[in-house]
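So you can see what is in the structure, the chains are spelled out below.
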Amino acid sequence: MKLGIVGLPNVGKSTLFNSLAGGGAESANYPFCTIDPNVGIVPVPDKRLDVLADMYTTQKVTPAVIEFVDIAGLVKGASKGEGLGNKFLSHIREVDAIVHVVRCFDDSNVVHVDAKVDPVRDIETINLELILADLEVVDKRIAKTQKQAMNDKSLAKELEVLKKIKAVLEEGKNARQIEFSSDEDTAFADSLTLLSRKPVLYAANVAEEDLADDGESNGYVKAVRELAKEESSGVFVVCAKIEEEIAELEPDEKLEFLADLGCKASGLDRLIKASYSLLGLISYLTAGVTEVRAWTVKEGTKAPQAAGKIHSDFERGFIRAEVVTYDDLVRLGSIAAAKDAGVYRSEGKDYVVKDGDVILFRFNV
């Protein structure tokens, strides 16, 4: 999973990136201090892996990972080259989802690029730039497809989808709000890699005192949540400054620090949970003496395709999946006990993998 962290300059974007990814993004109180996108690879916390590692006395534990990309602050006019312009819009095209950091705190010592804190205006500013960039892409694609459709009638459907997208974009709406009548149309729209079609998770960056109640008493956060609800996007509350402070702490110290603030989980944990939910992702597990590992797949993925995450040969030569749930395996203590209890199953190619399945794939090529 690759997440692009975006936002206007000075909203706490690079501070959040540094705390989440332990990266070296430059963070300063002036616009455009992040010039090139910074990349950080973060392991997904999963206590199940540690339990299985102890059970199997495994040699190696490999968690799922998230790749964070810190993209330079966008400004009004970015689609026309203002600020750092199209170079950074292109970086967004490469990510699976956008984490849009919005400032939801007042601080006279931190410059706001538009002089006044207004998260809804900030969101609309960036959304408009993404929409304008998408319009340019769609207009070019329509012109090209219209010419080709004169000699190829099969392109009529693609042209219809493109025009539908164009109409929505011209209304100032995001392409992700469009619902199509067929999977084929949806797949074609997705293939365009439109910026405003990518799933969005709004990170409401609040002051320390707003963390304990998850921003419920913060009017800025309330406004962001209302906007996100309208467009079916996700929201999570974070204090980038606090995340930066706890980034270097040991796990036990971090939990104690968060407890003192009235928080049950770190910003990273909440971001990962929200990202998995937004993208419809789950993790299945493989376990043995050599390695215990988490594999991330889309909800609804069938066994052969899940096997393909490990190696293409596993999918090509798929025979069956031997499955036990994590809860059953831990409760019974071993695969042998799970077999005796009748909860260790053999599943075929139509089996839909579930979160927490511990799987051994059988294949032959």
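Cut-offs and rules
Residues numbered from 1 in each chain as written. Predicted model: local features only at pLDDT ≥ 70, side-chain atom pairs only at ≥ 80, totals over all residues. Heavy atoms only, no water. Helix = DSSP H or I, 4+ residues; strand = E, 2+ residues; numbered from the N terminus. Buried < 20%, exposed > 50% of the residue type's maximum accessible area, 1.4 Å probe, protein only. Contact = heavy atoms within 4.5 Å. Patch = residues over 30% accessible without salt bridge, like charges linked within 9 Å, V, L, I, M, F, W, Y side chains within 5 Å. Areas by Shrake-Rupley, 256 points an atom, 1.4 Å probe, with all protein chains shown as cover. Salt bridge = Lys/Arg side-chain N within 4 Å of Asp/Glu carboxyl O. Lys, Arg positive; Asp, Glu negative; His and termini not counted. Charge placed at Lys NZ, Arg CZ, Asp CG, Glu CD. Expected span 1.5 Å × (residues − 1). Core = buried A, V, L, I, M, F, W, Y, C linked by side-chain atoms within 4.5 Å.

(A) Geometry of the side chain of Asn-174. Positionally, Asn-174 belongs in the loop between α5 (156-170) and α6 (183-191). In this structure Asn-174 comes out as buried when scored by relative accessible area, which is 4%. Excluding residues within four positions of it along the chain, Asn-174 makes contact with Asn-127, Ile-131, Val-168, Ser-196 and Glu-231.

(B) Here's a closer look at a negative patch on the surface. Together, Glu-250, Asp-252, Glu-253, Glu-256 and Asp-260 give the surface a local cluster of negative charge. Relative to the assigned elements, Asp-252 resides in helix α9 (residues 251-260).

(C) Looking closely at the side chain of Ser-275. Tracing the sequence through the fold places Ser-275 in helix α10 (residues 267-279). Leaving out residues up to four positions away in the same chain, Ser-275 has contacts with Met-1, Leu-3 and Leu-201.

(D) Representation of the environment of Val-365 within the structure. Here Val-365 is to be found in the segment after β12 (357-363). The class of Val-365 is exposed, set by a relative accessible area of 57%. Taking the C-alpha atoms as reference points, Val-365 and Phe-314, 51 residues apart in sequence, are found 8.2 Å from one another. When neighbours within four sequence positions are excluded, Val-365 is seen to be in contact with Asp-313, Arg-316 and Gly-317.

(E) The arrangement of α5 in detail. With 15 residues, α5 ought to run about 21 Å at 1.5 Å a step, and its terminal C-alpha atoms sit 21 Å apart, in line with that. The set of residues buried in α5 consists of Leu-159, Val-161, Leu-162, Ile-165, Val-168 and Leu-169. On its buried face, α5 is in contact with α4 (119-149) and α6. Just downstream of α5 lies Gly-172, where phi reads positive at about 80°.

(F) Expanded view of the nonpolar core. By size, the foremost hydrophobic cluster in this structure holds 69 residues, and its most contacted members are Leu-52, Phe-68, Ile-92 and Leu-211. At six residues, the largest contribution of residues to this core is made by α10. Counting residues in hydrophobic clusters, the runner-up holds 17 residues, among them Leu-159, Ile-165, Phe-180 and Leu-194.

(G) The arrangement of unusual backbone geometry in detail. Here the phi dihedral of Thr-193 falls at roughly 45°; this positive angle occurs in a residue that is not glycine. When you line up the elements, Thr-193 lands in the loop between α6 and β6 (200-205). Notably, Asp-214 is not glycine yet its phi reads approximately 55°, a positive angle. Summarising the element assignment, Asp-214 is placed in the loop between β6 and α7 (219-230).

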